[in-house]
Amino acid sequence: MRAAIYNGKKNISIVDLPSPVCGPDDVLLKTVYASICGTDAAVYQHGLGTGHKVTVGGEFGHEAVCRIAAVGKNAAGFQVGQRVYPYPLLVTGDTSRLYHHMPNR
């Protein structure tokens, strides 16, 4: 998968990372559309501590619409192909199931 990595003020690199594996309690998302927000721009322009929590070496960006790519055997109520908007603060490594359905069009 491709990811934007924050390397510091005005320094972002696009890298290829291994695709995550969907565990039994997980829902694996594939980004369909992504964007930036004001806090992304602030961190890029002015550095850490000026927007949302970003770490040097961490993945950058958090505004995305996704489709469910895989559903673990213990993750009830989700379907592959379902369009979702992941709550940005709960995506990576979080077991919460807070999301908003996007209507299929």
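What counts, and where the lines are drawn
Residues numbered from 1 in each chain as written. Predicted model: local features only at pLDDT ≥ 70, side-chain atom pairs only at ≥ 80, totals over all residues. Heavy atoms only, no water. Helix = DSSP H or I, 4+ residues; strand = E, 2+ residues; numbered from the N terminus. Buried < 20%, exposed > 50% of the residue type's maximum accessible area, 1.4 Å probe, protein only. Contact = heavy atoms within 4.5 Å. Core = buried A, V, L, I, M, F, W, Y, C linked by side-chain atoms within 4.5 Å. Patch = residues over 30% accessible without salt bridge, like charges linked within 9 Å, V, L, I, M, F, W, Y side chains within 5 Å. Areas by Shrake-Rupley, 256 points an atom, 1.4 Å probe, with all protein chains shown as cover. Salt bridge = Lys/Arg side-chain N within 4 Å of Asp/Glu carboxyl O.

(A) Summary view of the overall build of the chain. Helices and strands together make up the secondary structure of the chain, namely 1 helix and 6 strands. Written out in order from the N terminus, the α and β elements of the chain read β-β-β-α-β-β-β. Within the span of the chain, comprising 105 residues, buried residues form 22% of the whole. Across the chain, contacts joining residues at least 24 apart in sequence account for 48% of those joining residues at least 6 apart.

(B) Representation of the nonpolar core within the structure. Among the nonpolar cores identified, the biggest contains 6 residues, and these are Ala-64, Cys-66, Ile-68, Ala-75, Phe-78 and Val-84. Looking at this core element by element, the count peaks at 3 residues for strand E4 (residues 63-71).

(C) Spotlight on a nonpolar patch on the surface. Taken together, Ile-12, Ile-14 and Tyr-44 make up a surface patch of nonpolar side chains, about 250 Å² in accessible area. Within the secondary structure layout, Ile-14 lies in strand E2 (residues 11-16).

(D) Region of interest: the environment of Val-32. Following the sequence through the fold, Val-32 ends up in strand E3 (residues 27-35). Along the backbone, Val-32 and Ala-64 are 32 residues apart, and their C-alpha atoms lie at a distance of 7.3 Å. For Val-32, the residues in contact, after removing those within four places along its chain, are Val-65, Cys-66 and Arg-67.

(E) Structural detail: the environment of Ile-14. Given a relative accessible area of 53%, Ile-14 falls into the exposed group. With 46 residues separating them in the primary sequence, Ile-14 and Phe-60 have C-alpha atoms 9.8 Å apart. Leaving out residues up to four positions away in the same chain, Ile-14 has contacts with Arg-2, Ala-3 and Ala-4.

These figures capture arrangement, not role.
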